[in-house]
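Residues per chain, in single letters:
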Amino acid sequence: MTPAAYVLHSRPYKESSALVDFFTVQGRVRAVLRAARGKVGSVARPFAPLELELRGRGELKTVGRLESTGIPLLLTGEALFSGLYLNELLIRLLPAEDPHPVMLEHYGLTLQALAAGRPLEPLLRAFEWRLLDELGYGFALDRDQHDQAIDPTALYRWQQDIGLVPVVQLQPGVFQGRELLAMAEADWQTPGALAAAKRLMRQALAPHLGGRPLVSRELFMTLKESKRD
């Protein structure tokens with residue numbers, strides 16, 4: 001059963017309250033959590049399945065009831081930063097109060113997979129792709145702009161609102177047909193497919209994120225650089 005809600009982000013609000021972004025069966029909602037420094041505040045943590053009752057009819061609601069429905073998932077290291085990345089994507093891209101129950105279920109399953117220590121990159125690429133598709137920005141990975149089957153030996157570039165466009169010569173940012181076909185099948189054993197999927201998702205997400213960089217991505221890169229030093 002899909003939990004009713006997860007905390008995406010929380011920040012102090014007025015004297016003792018918090019302003020919380022939730023991912024719920026009703027979509028992304030923002031609500032005031034009163035007495036956030038007390039017992040109820042300890043429940044409102046990321047990556048924990050919650051039962052949530054909201055009050056009010058305006059855009060900014062008030063939390064009437066908040067209860068845990070399970071043990072919070074313990075994410076550490078790169079898995080933690082990956083979870084924060086998912087949360088930031090949802091905050092930035094999901095319209096307010098626009099229900100996406102399939103996305104909510106996929107989010108919960110992705111968190112469980114992160115907590116279980118599964119490889120990060122395939123999980124992140126699958127989540128990004130599902131989110132784009134849910135929001136109506138998805139495109140075929142096995143067909144080009146002319147609805148022709150992707151040729152594994154050909155080159156393609158991605159173009160917003162069009163999809164995959166064949167190109168005749170190598171240029172920055174292009175994708176090999178075999179990489180695209182591997183993505184379509186989630187076949188991450190194909191050499192270069194996972195790296196190509198990361199490039200493609202960045203290109204596809206960029207127009208919808210605007211000019212502001214993702215804070216979680218910058219923190220993730222800082223963590224990886226510190227490990228190399």
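An account of the accompanying structure is given in this report. These numbers come from a predicted model, not from an experiment.

The next subject is the side chain of Thr190. With respect to the helices and strands, Thr190 occurs in the loop between α5 (177-184) and α6 (193-209). By relative accessible area, Thr190 is classed as buried at 18%. Excluding residues within four positions of it along the chain, Thr190 makes contact with Arg178 and Ala182.

This part covers the environment of Ala113. Tracing the chain through its elements places Ala113 in helix α3 (residues 101-115). What makes Ala113 buried here is its relative accessible area of 5%. Along the backbone, Ala113 and Leu123 are 10 residues apart, and their C-alpha atoms lie at a distance of 7.8 Å. Beyond its immediate sequence surroundings of up to four residues, Ala113 is in contact with Arg118 and Leu123.

What the rule picks out here adds up to nine salt bridges. Salt-bridge contacts for Glu88 lead to Arg92; the nearest nitrogen and oxygen are separated by 3.7 Å. Placement of the pair is Glu88 and Arg92 together in helix α2 (residues 77-93), with a separation of four residues, close to one helical turn. Exposure remark for Arg92: the relative accessible area of 17% places this residue in the buried category. In this structure, the salt-bridge partner of Glu121 is Arg125, at a minimum N-O distance of 2.3 Å. With Glu121 and Arg125 both in helix α4 (residues 120-134), this residue pair falls four residues apart, about one helical turn. With relative accessibility at 22%, the residue Glu121 sits in the partly exposed group. With relative accessibility at 6%, the residue Arg125 sits in the buried group.

Conventions we followed
- Residues numbered from 1 in each chain as written.
- Predicted model: local features only at pLDDT ≥ 70, side-chain atom pairs only at ≥ 80, totals over all residues.
- Heavy atoms only, no water.
- Helix = DSSP H or I, 4+ residues; strand = E, 2+ residues; numbered from the N terminus.
- Buried < 20%, exposed > 50% of the residue type's maximum accessible area, 1.4 Å probe, protein only.
- Contact = heavy atoms within 4.5 Å.
- Salt bridge = Lys/Arg side-chain N within 4 Å of Asp/Glu carboxyl O.

Take it as geometry only, folks, not as evidence of what the structure does.
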